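Summary of structural features
One letter stands for each residue in the lines below.
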Amino acid sequence: MINTKKKLRTFLYKNTPVILLFISILNEIDFNNSELKYFSFNFVYILIFYYNLKRDGGIGYVYIFIAGLFNDVMNGTPMGISSLCYLLLCAAAVYLRNITLRPNIVKDWIFFLLSILVLNFITFTYLIIFFNHEINYFDQIINIIFTFLFYLFFSVLFKAYDNNILGRIH
């Protein structure tokens, strides 16, 4: 019985980010496309960046690629653009993890902002040049700002969750 609980906790610890990733992409309550006029944020960016920065195994590149394809289908964007952005975000997080000697939430936060600015620039450029897609820049700026601000909140939640579960596993 105790061994089964430990296995379940280990499974949940390892797979909670993947489950959250797919739930946030496949749910019908999407904060990026909500009817709230001046409120939207990209939870997927926060989740991917945090867990690839803080965990050695991260979320897993195959899961992230597949989640990006699902996101493209759900939002009607060209296939592969979300996967590319998600994988570039993973690369940025892994790069920061490898060059960081002493982790610091403020440095992570600033690097996250730079990463999402670059990703949005790539996405917008790709959509405008190749697909002549119209973009509401004001909505995108609101999304970037709230995504940036919510990173701190969710990183505290994710850290508390990880510490709580790790304490129960060991």
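Everything below is about the structure printed above this text.
Just so it is clear, the model here is predicted, and its values are computed rather than measured.

**Description of the pattern of salt bridges**
Within this structure, the stated rule accounts for two salt bridges. Measuring nitrogen to oxygen at the nearest pair gives 3.0 Å for the salt bridge that ties D108 to K54. In this pair, D108 sits in helix 5 (residues 105–131) while K54 sits in helix 2 (residues 43–54), placing the two residues 54 residues apart along the sequence.

**So, the side chain of S155**
Its place among the elements puts S155 in helix 6 (residues 137–169). For S155, a relative accessible area of 4% translates into the label buried. In terms of polar contacts, S155 uses its side chain to reach the backbone carbonyl oxygen of L152, at 2.9 Å. S155 has contacts with Y50 and I105, leaving out every residue within four places of it along the chain.

**Quick word on the side chain of S24**
Within the secondary structure, S24 is located in helix 1 (residues 2–26). Looking at S24, its side chain comes within polar contact range of the main-chain oxygen of L21, at 2.9 Å. Those residues within four positions of S24 in sequence are excluded, and the remaining contacts are F43 and V44.

**Comments concerning helix 3 (residues 61–75)**
With 15 residues, helix 3 should cover 21 Å at 1.5 Å per step; its first-to-last C-alpha distance of 21 Å lies within 8% of that length. Regarding helix 3, the residues found buried are I64, A67, G68, N71 and D72. Projection of helix 3 onto a plane perpendicular to its axis shows the buried side chains occupying an angular sector of 145 degrees, all on one side. The exposed residues of helix 3 that point more than 90 degrees off its buried face are V62 and V73. The first or second residue beyond helix 3 is G76, which carries a positive phi of 75 degrees.

**Focus on the environment of I48**
Structurally, the position occupied by I48 is in helix 2. Residue classification places I48 among the buried residues on the basis of a relative accessible area of 0%. Non-local contacts of I48, meaning those with residues more than four positions away in its chain, are made with L21, I59, I64, Y86, L89 and C90.

Reading the values: rules and limits
- Residues numbered from 1 in each chain as written.
- Predicted model: local features only at pLDDT ≥ 70, side-chain atom pairs only at ≥ 80, totals over all residues.
- Heavy atoms only, no water.
- Salt bridge = Lys/Arg side-chain N within 4 Å of Asp/Glu carboxyl O.
- Helix = DSSP H or I, 4+ residues; strand = E, 2+ residues; numbered from the N terminus.
- Buried < 20%, exposed > 50% of the residue type's maximum accessible area, 1.4 Å probe, protein only.
- Polar contact = N/O pair within 3.5 Å; in protein donor to acceptor, adjacent residues only side chain to side chain.
- Contact = heavy atoms within 4.5 Å.
- Expected span 1.5 Å × (residues − 1).
- Arc of directions from axis to C-beta.

No statement about biological role is implied by the geometric values presented.
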